[in-house]
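# Chain and residue survey
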Amino acid sequence: MEQSLGSDSGPADKSRVLNVKPLRCLVPIFPSPPNFSPFSSGQSAPFVCANPSGPFPSGFAPFYPFFSPTDSQRPPEQNSQTPFGVHNQPGSFGFNNPIPGAVPITSFRTPPPPPPPGVAPNGDTGPSRQNYRTHTTGIQSQSQSEEADDDEYSETPNQNAQYLSSFSMHVTDAERTSKAQRSKSKPQKRGRKGQEVNFSSPEVDVELIVSNILNSCNLMAFDTFRRADGDKESVGYILMVYDLLRRRITQIEDGKEATPGVTRRPDLRSGTILMNKGIRTNIKKRIGVVPGVEVGDIFFFRMEMCLVGLHAPCMAGIDYMGLKISQEEEPVAVSIVSSGGYEDNVEDGDVLIYSGQGGNIYRKDKQISDQKLERGNLALEKSLHRGNEVRVVRGLRDVVNPTGKVYVYDGLYKIQESWVEKGKAGCNVFKYKLVRLPGQPEAFTTWKSIQQWKEGLSSRAGVILPDLTSGAENLPVSLVNDVDDEKGPAYFTYFPSLRYSKPVNLTEPSFSCNCQGGCLPGNSNCSCIKKNGGYIPYNVAGVLVNNKSLIHECGPSCPCPINCRNRISQAGLKVRLEVFKTKDKGWGLRSWDPIRAGAFICEYAGEVINDCKMEELGSESEDDYIFDATRTYQPLGVLPGDSNKARQIPFPLIISAKNVGNVARFMNHSCSPNVFWQPVLRESNSESFLHIAFFAIRHIPPMTELTYDYGIIQSGKADERKKRCLCGSLKCRGHFY
DNA sequence: CTCCTTCAGGGGTAT
DNA sequence: ACCCCTGAAGGAGAG
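Residues numbered from 1 in each chain as written. Chains lettered and ligands numbered in written order. Predicted model: local features only at pLDDT ≥ 70, side-chain atom pairs only at ≥ 80, totals over all residues. Heavy atoms only, no water.

In the annotation of an unreviewed UniProt entry, the entry for chain A reads Histone-lysine N-methyltransferase, H3 lysine-9 specific SUVH1, and the organism field reads Vitis rotundifolia.

Okay, here's the thing in structure tokens:
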């Protein structure tokens, strides 16, 4: 935000570039060949130019992402096959309407942000938790103090009673769990003296967090989801809880001194905890489809696949089970993970040459040997003859976080043949050729296409603009339509941040931090960390740890650089986005890159609407690009810190992105969203700026539409603004505002 | 009940 | 980018 224009000089001075780029207000008129890109060559194409303020070319209509509420023109049924299928817009383009005119888009580089409206103290009500059980088995006094330490879940004191009652139960659980673990773990194998003692206090800490997360999450789901056979809801729930727990443990570990020799594995710890608590599903191994897991689903840790029953071993690549045939039992393979541990051949998207296991290929301290036909190798061999389906998971480098991996569930394959090869070290290696079954949704092939688009090896079909921000963002955002002939949304000015019309002063002075090189976890002197309850709200990957009533980011007067870990929502886009034409909801937003749960996506840019403008808006009422934090928002039911009551924010913020906005204005509503918003406060000494930042609720595979819940209006205006919802979710409310 | 195996993943270190 | 180290779950095998 404070990267002022001046500091941005040099070759990367985009503001200057923008001003001389005439194309920004020109959009080509088709027809054009599928791969035609107006900016890729010097060839001239017919252009039409629209004045930003109108009048628009004939046939042009301002863009509305959703149904107009006007009753005279009822929208068609969701699956109607109406020509163009886009009657959801007031100026929709049926046969009588010619193709819409060109839509110019201008953009600006963020100037220093003007100051914001008044800031009330954080009006957090905290979660209103159900008191669902009251076993009172020995509350340890120590637990109470730990409780107080555990910031964000207990922001208001009146919850403590409830906390303690539910906590007591979980302490018992914790004790049981750790006993189980202790008896289970090999006691004498590694003589790690003293470490038990070291671990005991964090252990309590973690148990507390588990219980808090479970409390905050939907308990009905917890009690009723089926462990034997999952469904989409239980799988989603488990993954959500797992990731929340993992992020929280990571946050706590980050703040601690590193103990040499001890590897911190929040992924394993949180996985073990959930395993022991039975928060898992599809426990029994099975051949073929795993209920609740869909082709294309992504995972960021092996543990996640264990918990939902997609692939049981937490390290091994081949999962297999015994299958009874008459009297005898023989092993058959059920799933494999291909992620570069061996020399697999992954050239073709639908064919995989997979290496067998064993032979000590991966271990430096042991002699490399021939692989044997046993365990996984035997199972794969049997599966070849039985012809059973084998699930395939492909592991890839994570683009956003290059040290990590993404696992893509690529659906069912069958083994076609097997053979033995001499490996690099001269020893025998088994090879299995797997071929993907036809008729499944695309998964891995989509990833390959995206990679090719990025490398310029092939071009994305239907691209209208390679970058609709004209360089205003740090990453390009394509404008794509591969469903019909519409050439773009209505005119607006691209601007990557929020515009405040008048400054707002804080009632209490706020102190900026003094962290020159960036705020670091565990620094108890950092005032910005203090404001967040003692933790940086983001972990090292820039992922939000949990839902809070308010995040305090570093502000203009903090000396830390823009890449400070407490400036995530200011540092620009992290994933490659595209604005695309949906089948039935106008334009939408999606990502080329996978997005992990909690990752920052973008902020809601636009113009802050102050009170007097609100009045105008009432009469105008046709602004479909409103973000209104004062609406009622149903709790997502899964995020800790998320109240069962309406969420509240520090002060009523309403943003209009009708004329000025960023990618967020294209995000459609859904009653089962995959994105949520979060108020973020950036303060300087006397002023504060409230922003709205969007984060992923769960892992989002590439090319999945990004949606959030627009909230509910309860005022008299509600009926006027009501629009029919097409989110298609089972929990769809039928309309939105 | 232990041992054994295993296409992880973090942290440290040398480029 | 390597190198090293600890790791968790479930199969395999011993008692």
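Once the structure has been displayed, the description carries forward.
## With respect to the pattern of salt bridges
Filter applied, for reference: Salt bridge, as applied in this entry: a Lys or Arg side-chain nitrogen positioned within 4 Å of an Asp or Glu carboxyl oxygen. Runs of H or I in DSSP of at least four residues are treated as helices and runs of E of at least two as strands, each being numbered from the N terminus. For every residue, the accessible area (1.4 Å probe, protein chains only) is compared with the maximum for its type, and the residue is labelled buried under 20%, exposed over 50%, or partly exposed between those bounds.
Evaluation of the coordinates by the stated rule reveals 25 salt bridges. Here Asp593 makes a salt bridge to Lys454, at a shortest N to O gap of 2.4 Å. Taken together, the residues span a long stretch of sequence, with Asp593 in the loop between strand E17 (587-591) and strand E18 (600-603) and Lys454 in helix H10 (residues 444-455) at a distance of 139 residues. Classification of Asp593 as buried rests on a relative accessible area of 4%. Given a relative accessible area of 39%, Lys454 falls into the partly exposed group. Salt-bridge contacts for Glu603 lead to Arg682; the nearest nitrogen and oxygen are separated by 3.5 Å. Here Glu603, found in strand E18, pairs with Arg682, found in strand E24 (residues 675-683); they are 79 residues apart in sequence, far enough to count as distant.

## Let's talk about the pairing of strand E25 (residues 688-696)
Put simply, the test is: For two strands to pair, DSSP has to find at least two bridges joining them.
E25 sits mainly inside the fold: 9 of its 9 residues count as buried. The two faces of E25 match: Ser688, Leu690, Ile692, Phe694 and Ala696 on one face and Phe689, His691, Ala693 and Phe695 on the other face are all buried. Inspection of the sheet shows E24 paired to E25 by 9 bridges, in the antiparallel sense. The partner of Phe676 across the bridge, within E25, is Phe695. Where E24 folds back on E25, the antiparallel hairpin that results is connected by 4 residues.

## Structural notes on the sheet that holds E17
Two pairing modes exist for strands in a sheet, parallel and antiparallel, and in both the strands are linked by backbone hydrogen bonds. Note the following rule: Orientation is described by axes fitted as lines to C-alpha atoms, over the contacting stretch for helices, and by angles from 0 to 180 degrees between their N-to-C directions.
Strand order in the open sheet formed by 4 strands is E11-E12-E16-E17, with mixed pairing between adjacent strands. Because the sheet does not close on itself, it has two edges, and the strands there are strand E11 (463-465) and E17. Strand after strand, the sheet turns through a mean of 35 degrees between neighbouring axes, direction not considered. Two elements, strand E12 (residues 477-480) and strand E16 (residues 577-581), share 4 bridges in a ladder whose sense is parallel. Across the sheet, the residue bridging to Val480 is Phe580, located in E16.

## Quick word on unusual backbone geometry
Note: most peptide bonds trans; most residues except glycine with negative phi. Positive phi, close to 50 degrees, is recorded for Asn282, a residue that is not glycine. When you line up the elements, Asn282 lands in the loop between helix H7 (266-277) and strand E4 (298-299). Residue Asn282 is classed as buried on the basis of its relative accessible area of 2%.

## With respect to the sheet that holds strand E21 (residues 654-656)
Spatial strand order, E14-E19-E21-E20: 4 strands in an open sheet with mixed pairing. Only two strands of the sheet have a single partner each, and these edge strands are strand E14 (498-499) and strand E20 (626-628). Pairing between strand E19 (residues 606-608) and E21: 2 bridges, direction antiparallel. From the neighbouring strand, Val608 faces E21, where its bridge partner is Ile655.

## Thoughts on the protein's contact with DNA strand B
Keep this limit in mind: The criterion for a residue being near a molecule or strand is simple. One of its heavy atoms has to lie within 4 Å of it. In the analysis that follows, any N or O atom pair within 3.5 Å is treated as a polar contact, provided that within protein one partner can donate a hydrogen and the other can accept it, and provided that, for residues neighboring in sequence, both atoms belong to side chains. Amino acid classes used here: Ala, Val, Leu, Ile, Met, Phe, Trp, Tyr, Cys and Pro are nonpolar; Asp, Glu, Lys and Arg are charged; the rest, including Gly, are polar.
Lining the immediate surroundings of DNA strand B are 25 residues, of which Ser339, Gly341, Tyr342, Asp344 and Tyr407 lie closest. Across the atoms of DNA strand B situated within 4 Å of the protein, the share located in sugar and phosphate is 62%. Contacts to DNA strand B include Gly340, whose backbone N or O atom sits 2.9 Å from a base oxygen. Within the side chain of Tyr407, a nitrogen or oxygen atom sits 2.6 Å from a phosphate oxygen of DNA strand B. Every element with two or more residues in the surface near DNA strand B is listed here: strand E6 (328-338), strand E7 (351-355) and strand E9 (405-422). Here the surface near DNA strand B is composed, by residue class, of 8 nonpolar, 8 polar and 9 charged.

## As for the packing of aromatic side chains
What counts, and what does not: Paired rings are identified among Phe, Tyr and Trp, the last through its six-membered ring, by centres lying within 6.5 Å, and are further divided according to the angle between planes into stacked (under 30 degrees), edge-to-face (over 60) and tilted (the rest). Charge over a ring is defined by NZ of Lys or CZ of Arg lying within 6 Å of the ring centre and within 35 degrees of the ring normal.
Per the stated rule, a full pass over the model turns up 17 aromatic pairs. Look at Phe676 and Phe695: their rings are 6.1 Å apart centre to centre, the planes differ by 35 degrees, and that puts the pair in the tilted class. Of this pair, Phe676 sits in strand E24 while Phe695 sits in strand E25, placing them 19 residues apart in sequence. Summarising the burial analysis for this pair, Phe676 and Phe695 share the class buried. Feature note: the residues Tyr604, Phe627, Tyr633, Trp677, Phe694, Tyr708, Tyr710 and Phe736 constitute an aromatic cluster, connected by ring pairs. Here the guanidinium or amino end of Arg499 rests over the ring plane of Phe495, the centre of that ring lying 4.4 Å away.

## Brief notes about H10
Test applied: Each helix should span, by expectation, one fewer than its residue count multiplied by 1.5 Å. Only heavy atoms matter for contacts: two residues are in contact if any of them lie within 4.5 Å across the pair.
Its 12 residues place the ends of H10 17 Å apart at the C-alpha level, agreeing with the 16 Å of an ideal helix rising 1.5 Å per residue. Residues Phe444, Thr446, Trp447, Ile450 and Trp453 constitute the buried set of H10. Its buried side turned inward, H10 meets E4, strand E8 (389-397) and E9. Of the residues flanking the end of H10, it is Gly456, one or two places downstream, whose phi is positive at about 75 degrees.

## Here we look at the nonpolar core
We count it as follows: Definition used in this section: a nonpolar core is a set of buried Ala, Val, Leu, Ile, Met, Phe, Trp, Tyr and Cys residues joined via side-chain atoms within 4.5 Å. All the domain ranges listed were derived from an automatic or database domain assignment.
Judged by nonpolar contacts, the single largest core of 61 residues is most densely connected at Phe299, Leu310, Cys513 and Cys519. Counting residues per element, this core draws most heavily on helix H6 (residues 232-255), which supplies 11 residues. Each of two domains, domain 1 (1-109 + 460-737) and domain 2 (141-186 + 194-454), supplies a minimum of three residues to this core. Sequence-distant contacts of Cys513, that is, excluding residues within four places in its chain, are made with Cys519, Cys526, Ser527, Cys528, Cys554, Cys558, Pro559 and Cys560.

## Describing the pairing of strand E10 (residues 428-436)
Each regular strand shows side chains that alternate between the opposite faces of the sheet. Summarising the sheet, E7 and E10 pair through 5 bridges and their orientation is antiparallel. Residue pairing across strands places Tyr354 opposite Tyr432, the latter belonging to E10. Two elements, E9 and E10, share 9 bridges in a ladder whose sense is antiparallel. Counted as the bridge partner of Lys414 is Val435 from E10. Taking the residues between adjacent antiparallel strands as the criterion, E9 and E10 are bridged by 5 residues, where Gly426 takes a positive phi near 90 degrees.

## Focus: the environment of Tyr737
Within the element layout of this structure, Tyr737 appears in the segment after strand E28 (735-736). Looking at Tyr737, the relative accessible area reads 10%, which means it is buried. Within the local environment of Tyr737, its side chain forms a polar contact with the side chain of His735, the two groups lying 3.4 Å apart.

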